[in-house]
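Survey of secondary and tertiary structure
Residues per chain are reported as follows:
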Amino acid sequence: MMATTHAAMGVCLATLVLPVAPEFAVPAALGAIAGGVFPDLDVAVVAHRRTLHFPEHYWLAVLAVLPVAVVWPAPETVAAAFFALSAAVHSVSDAFGGGLGARPWDNDDQRGVYSHHRGEWIPPRRWIPYDGSPRDLAAAATLSLPGLLLFGSPVRELTAAMVALSAVYVLVRKPLGNFAARHDL
Ligand SMILES: [Zn+2]
């Protein structure tokens, strides 16, 4: 799944704050966007969907920071709680996407997301066939509705920018993958 799909998923979770403590909804959403994108920063380092992806351990961070946000509600604590929650949901949901490899639509790669707890790769279930697939864009767009409709600035603008970015990525995903495969990148 695209980082933007995960970010939008995080904003959906942050909408839970709206009826309870609307004054913290924006920090919650911004924390969730950052936490939704964060695990995929490992695409730039050695091992994508492994180095910063923790399907189990991020939940320990959620258990640590969520009570802090409840007892001491402040923009920082609420943002931290939703950062952890969004990173945790991201890491788990990558198992429902496609495999790694340059051309994940070939279904030739059985690495969904790495479980540091089990010491092995969780196989991809391919509900979203691969990152940047049309279904991924449909998911990103649908999950972006709360960010677009229920939030004001800057969450609405950020969400709109992420939907636009996702659409561009989906257009170039296959040419990029084919290029990478041809040049063994
Ligand atoms: Zn990921």
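Described in the following lines is the structure provided in the data block.

The rules we used
- Residues numbered from 1 in each chain as written.
- Predicted model: local features only at pLDDT ≥ 70, side-chain atom pairs only at ≥ 80, totals over all residues.
- Heavy atoms only, no water.
- Helix = DSSP H or I, 4+ residues; strand = E, 2+ residues; numbered from the N terminus.
- Rg over C-alpha atoms; globule rule 2.2 N^0.38 Å.
- Contact = heavy atoms within 4.5 Å.
- Areas by Shrake-Rupley, 256 points an atom, 1.4 Å probe, with all protein chains shown as cover.
- Lys, Arg positive; Asp, Glu negative; His and termini not counted.
- Charge placed at Lys NZ, Arg CZ, Asp CG, Glu CD.
- Patch = residues over 30% accessible without salt bridge, like charges linked within 9 Å, V, L, I, M, F, W, Y side chains within 5 Å.
- Salt bridge = Lys/Arg side-chain N within 4 Å of Asp/Glu carboxyl O.
- Donors = N, O, S within 2.8 Å, 3.2 Å for Na, K, Ca; no water.
- Tetrahedral: all angles 85-135°; square planar, octahedral: opposite > 155°, others 65-115°.
- Phe/Tyr/Trp six-rings, centres within 6.5 Å; stacked < 30°, edge-to-face > 60°.
- Buried < 20%, exposed > 50% of the residue type's maximum accessible area, 1.4 Å probe, protein only.
- Lys NZ or Arg CZ within 6 Å of the ring centre and 35° of its normal.
- Arc of directions from axis to C-beta.
- Axes fitted to C-alpha atoms, helices over the stretch in contact; angles between N-to-C directions.
- Parallel < 35°, antiparallel > 145°, perpendicular 65-115°, else oblique.
- Left-handed = near helix turned anticlockwise from the far one by under 90°.
- Nonpolar A, V, L, I, M, F, W, Y, C, P; charged D, E, K, R; others polar.

Considering the overall build of the protein
Each helix and strand in the protein was counted, giving 8 helices and 2 strands. Taken from N to C terminus, the helices and strands of the protein fall in the order α-α-α-α-α-β-β-α-α-α. For 185 residues, the compact-globule estimate of 2.2 N^0.38 gives 16 Å, and the protein sits close to it at 17 Å. With the C-alpha coordinates aligned to their principal axes, the bounding extent of the protein is approximately 50 × 35 × 25 Å. Considering only residue pairs separated by 6 or more positions, the protein has 68% of its internal contacts joining residues 24 or more positions apart. On the protein, roughly 9,100 Å² of surface is accessible, and the fraction owed to carbon and sulfur atoms is 71%. For the protein, the separation between the mean place of its 12 positive charges and that of its 14 negative charges on side chains is 8 Å.

Overview of a nonpolar patch on the surface
Among the surface-exposed residues, Leu66, Val68, Val70, Val71 and Trp72 lie close enough to one another that they form a single nonpolar patch of about 500 Å² accessible area. Checked against the element boundaries, Leu66 lands in helix α4 (residues 57-71).

A few points about the coordination of the zinc ion
Taken together, Asp40 (OD), His53 (NE2), His90 (NE2) and Asp94 (OD) make up the protein donors of the zinc ion, found 2.0 to 2.2 Å from the metal. Because the angles between the 4 donor atoms bound to the zinc ion fall within 89 to 166°, the donor set is best described as irregular. The sequence pattern formed by the donor residues of the zinc ion is D-x12-H-x36-H-x3-D. Separated by 54 residues along the polypeptide, Asp40 in the loop between α3 (25-37) and α4 and Asp94 in the loop between α5 (75-93) and β1 (113-115) bring together distant segments of the chain.

Describing the packing of aromatic side chains
This structure, assessed with the given rule, holds 5 aromatic pairs. Between Phe54 and Tyr58, the ring centres sit 5.5 Å apart and the planes meet at 90°, which makes this aromatic pair edge-to-face. Ring centres of Phe96 and Trp127 lie 4.4 Å apart, and the angle between their planes is 35°; this geometry places the pair in the tilted category. Placement of Phe96 in the loop between α5 and β1 and of Trp127 in the loop between β2 (120-122) and α6 (134-143) is noted, with a sequence separation of 31 residues between them. According to the relative accessible area criterion, Trp127 is exposed, its value standing at 56%. A cation over an aromatic ring shows up here: Arg111 above the ring of Trp121, its NZ or CZ 5.6 Å from the ring centre.

Comments concerning the side chain of Thr77
When you line up the elements, Thr77 lands in helix α5. Contacts of Thr77, omitting those with residues within four sequence positions, involve Val68, Ala69 and Trp72.

Let's talk about α6
Three or more residues of α6 are buried, namely Asp136, Ala139 and Ala140. Down the axis of α6, the sector holding all buried residues measures 100°, keeping them to one side. Facing away from the buried side of α6, by more than 90 degrees, are the exposed residues Pro134 and Thr142. Looking at the buried positions of α6, the neighbouring elements they touch are α1 (3-14) and α8 (155-182).

So, the packing of α3 against α8
Two packed helices can be described by the angle between their axes and the distance between those axes. Close contact between α3 and α8 brings their axes to 10 Å; oriented N to C, the two are set at 25°. Taken together, the axes of α3 and α8 lie roughly parallel to each other. Classified by chirality, the crossing of α8 by α3 is left-handed. The residues of α8 that touch α3, namely those facing Val26, Ala29, Leu30 and Ile33, are Val155, Leu158 and Met162. Across the contact of α3 with α8, the residue classes break down as 7 nonpolar, no polar and no charged.

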